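Chain by chain, the residues run as shown.
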Amino acid sequence: MSDQKPNDFEKAGEQAQPGLVKEFIAFLGENKKFWLIPLLLALLAIGALLILGGTAAAPFIYTLF
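Bear in mind that the values here come from a model prediction, so they are computed numbers and not experimental data.

Draft legend 1. Focus on the overall build of the chain. When you go through the chain residue by residue, the secondary structure sums to 4 helices and 0 strands. Starting at the N terminus and ending at the C terminus, the chain contains elements arranged as α-α-α-α. Scaling as 2.2 N^0.38, a compact globule of 65 residues should have a C-alpha radius of gyration of about 11 Å, whereas the chain reaches 21 Å, well beyond that. Overall, the C-alpha framework of the chain stretches about 70 × 30 × 10 Å when taken along its three principal axes. When each of the 65 residues of the chain is scored for burial, the buried share is 6%.

This is how it looks when you write it as C-alpha cells:
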C-alpha cells in the first residue's frame, strides 16, 4: 500500500493550513459577502472599547462620548 501515489485528498492534508484571517478573507471573496466587513469592524471596535474601558486609558475614552 505504500507504493501508491498520494491522491488529491492526501496532498491537501499535507499542505500548511491558512490562518483564520486569510481563510476569512478567502471566504468573503469567494462568496461575495463583503457586507460582513463593516459589521465585523464595528464588533471589533466595541470589543476594543470594552477592553480599554477597564484600563488606564478609560478617562481618555470617556471624553470621546
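Draft legend 2. The arrangement of a nonpolar patch on the surface in detail. Where nonpolar side chains cluster on the molecular surface, the patch consists of Phe24, Phe27, Phe34, Ile37, Leu40, Leu41 and Leu44 and spans about 630 Å² of accessible area. The dominant element in the nonpolar patch, judged by the number of residues it contributes, is helix H3 (residues 36–52), at 4 residues.

Draft legend 3. Molecular detail of the environment of aspartate 8. Note on placement: aspartate 8 falls in helix H1 (residues 8–14). Judged by relative accessible area, which is 64%, aspartate 8 ranks as exposed.

Draft legend 4. View of the confidence of the model for the chain. For the chain, the average pLDDT comes to 85, and 95% of its residues sit at 70 or higher. Here helix H4 (residues 58–62) stands out as the least confident element of the chain, with mean pLDDT 81; H3 is the most confident, with 91.

Draft legend 5. Region of the structure containing unusual backbone geometry. Positioned with a positive phi, lysine 32 is a non-glycine residue whose angle comes to about 55 degrees. Checked against the element boundaries, lysine 32 lands in the loop between helix H2 (20–31) and H3. Using a relative accessible area of 59% as the deciding quantity, one classes lysine 32 as exposed.

The rules we used
- Residues numbered from 1 in each chain as written.
- Predicted model: local features only at pLDDT ≥ 70, side-chain atom pairs only at ≥ 80, totals over all residues.
- Heavy atoms only, no water.
- Helix = DSSP H or I, 4+ residues; strand = E, 2+ residues; numbered from the N terminus.
- Rg over C-alpha atoms; globule rule 2.2 N^0.38 Å.
- Buried < 20%, exposed > 50% of the residue type's maximum accessible area, 1.4 Å probe, protein only.
- Patch = residues over 30% accessible without salt bridge, like charges linked within 9 Å, V, L, I, M, F, W, Y side chains within 5 Å.
- Areas by Shrake-Rupley, 256 points an atom, 1.4 Å probe, with all protein chains shown as cover.
- Salt bridge = Lys/Arg side-chain N within 4 Å of Asp/Glu carboxyl O.
- pLDDT = per-residue confidence, 0-100.

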